[in-house]
Amino acid sequence: MFRVGVGSNTFSGSDYKDVGSKFGYNLGFDFNKTIKSKGAYWGMGFALGSRGYKYSESAGGYKVEETYTAHNIQWAPFNFGWKIAVTDDIKIDPHVGIYLGCDYAGKATDIEDYNRLDVGMNIGVGVWYKRFNLDLMYQKGFLATDFDLEGGASNFMVRLGVAF
């Protein structure tokens, strides 16, 4: 299937308490392989996506702004889900998986020991109508942009898909 999505990118964790979100995207190809015949499946996906955050602080007449935007390639080697039939044409699709990501481009300010890698999990639920899909997915990364920080990417996406 092919999916395209938009959402919000931010970072969460003890060192990212005051950061805000930025516009994000996800564009990818996934496949699902049915396990037996009851709706369970496993799958894999490849995508181009983004991660980042926005930070702004004003004090004593000075304003500090920091932005971070990275474009990455993501590989989701293990996705598991269950397409639950509501009718013959409509299915609810809860799913969970892991992903590996690597930033290939981006803009970072004030990040010295920049970490391009990310590992995390995907949790979502979708609705299928025949071969068309609306999917809501939360992506939580476990690696920070700087090796001295604690926290990781936190992305919420709304994706549209079509199965071939």
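Residues numbered from 1 in each chain as written. Predicted model: local features only at pLDDT ≥ 70, side-chain atom pairs only at ≥ 80, totals over all residues. Heavy atoms only, no water.

### Notes on the overall build of the protein
Piece 1. Within the protein, the secondary structure is distributed over zero helices and nine strands.
Piece 2. Listing the helices and strands of the protein from first to last along the sequence gives β-β-β-β-β-β-β-β-β.
Piece 3. When its C-alpha atoms are laid out on the principal axes, the protein stretches across 60 × 25 × 25 Å.
Piece 4. For the protein, the proportion of contacts with a sequence separation of at least 24, taken over those separated by at least 6, is 59%.
Piece 5. Carbon and sulfur atoms make up 64% of the accessible area of the protein, which totals about 9300 Å². (Helix = DSSP H or I, 4+ residues; strand = E, 2+ residues; numbered from the N terminus. Contact = heavy atoms within 4.5 Å. Areas by Shrake-Rupley, 256 points an atom, 1.4 Å probe, with all protein chains shown as cover.)

### Focus: the nonpolar core
Piece 1. With 10 residues, the main nonpolar core is built from Phe11, Tyr16, Val19, Tyr53, Tyr55, Tyr68, Ala70, Ile111, Ala144 and Ala153.
Piece 2. Of all elements in the fold, only β3 (40-59) and β4 (62-82) reach the threshold of two or more residues within this core.
Piece 3. Setting aside residues no more than four positions away along its own chain, alanine 70 makes contact with Gly49, Ser50, Arg51, Asp103, Ala105, Gly106 and Tyr114. (Core = buried A, V, L, I, M, F, W, Y, C linked by side-chain atoms within 4.5 Å. Buried < 20%, exposed > 50% of the residue type's maximum accessible area, 1.4 Å probe, protein only.)

### Describing the environment of glycine 28
Piece 1. In this structure, glycine 28 sits in strand β2 (residues 22-34).
Piece 2. Relative accessible area serves as the criterion here: at 5%, glycine 28 is assigned to the buried category.
Piece 3. If we skip the residues at most four places from it in the chain, glycine 28 touches Met1, Phe2, Arg3, Phe46 and Ala47.

The analysis is restricted to geometry; functional conclusions fall outside its scope.
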